[in-house]
Amino acid sequence: VFHGRILARRLVGQETRYEVEVKARYRQRFPLVAREYLWVPNTCGCPALRQGGDYLLMARRHVNHEHTLNRVLLQDDGYARPWT
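Just so you know, these numbers come straight off a predicted model, no measurement behind them.

> Outline the overall build of the protein, listing residues and values.
A tally of helices and strands in the protein yields zero helices and seven strands. Relative to a compact globule of 84 residues, whose C-alpha radius of gyration would be 12 Å, the protein shows 12 Å and is just as compact. With respect to the three principal axes, the spread of C-alpha positions in the protein is 40 × 25 × 20 Å. Taking all 84 residues of the protein together, the buried fraction comes to 39%.

> Give a detailed account of the pairing of strand E1 (residues 2–12), specifying residues and quantitative values.
For E1 and strand E2 (residues 15–25), the ladder comprises 10 bridges, and the chain directions are antiparallel. From the neighbouring strand, Leu11 faces E2, where its bridge partner is Thr16. Linking two consecutive strands that pair antiparallel, namely E1 and E2, is a turn of two residues; a positive phi of about 60° is found at Gly13 within it. Note that E1 and strand E4 (residues 54–58) share four bridges and pair antiparallel. For His3, the partnering residue across the bridge sits in E4 and is Leu56.

> Describe the confidence of the model for the protein, naming the residues involved and giving the relevant values.
Looking at the protein, the pLDDT average stands at 86 and 94% of residues meet or exceed 70. Highest mean pLDDT in the protein belongs to E1 (94); lowest belongs to strand E5 (residues 60–63) (82).

Criteria and cut-off values
Residues numbered from 1 in each chain as written. Predicted model: local features only at pLDDT ≥ 70, side-chain atom pairs only at ≥ 80, totals over all residues. Heavy atoms only, no water. Helix = DSSP H or I, 4+ residues; strand = E, 2+ residues; numbered from the N terminus. Rg over C-alpha atoms; globule rule 2.2 N^0.38 Å. Buried < 20%, exposed > 50% of the residue type's maximum accessible area, 1.4 Å probe, protein only. Pairing = 2+ DSSP bridges. pLDDT = per-residue confidence, 0-100.

In structure tokens form, the structure reads like this:
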């Protein structure tokens, strides 16, 4: 769970990649750096994140079996809410 500001958005195949400035970290199971890429499958029912907007995000670290892919992924069981 972290507070992030959306800096940029790019469609990549069947996913959307957001560049996020991490403002604050809360319950952390994996380390986050000041800027992360947040990946969202286009099939996710998540709201579209607005560039320049601040959000409270709950995402997971996704590492594939070959350990060639290590990224922050927002899945259906995660959430993205406007920061208030």
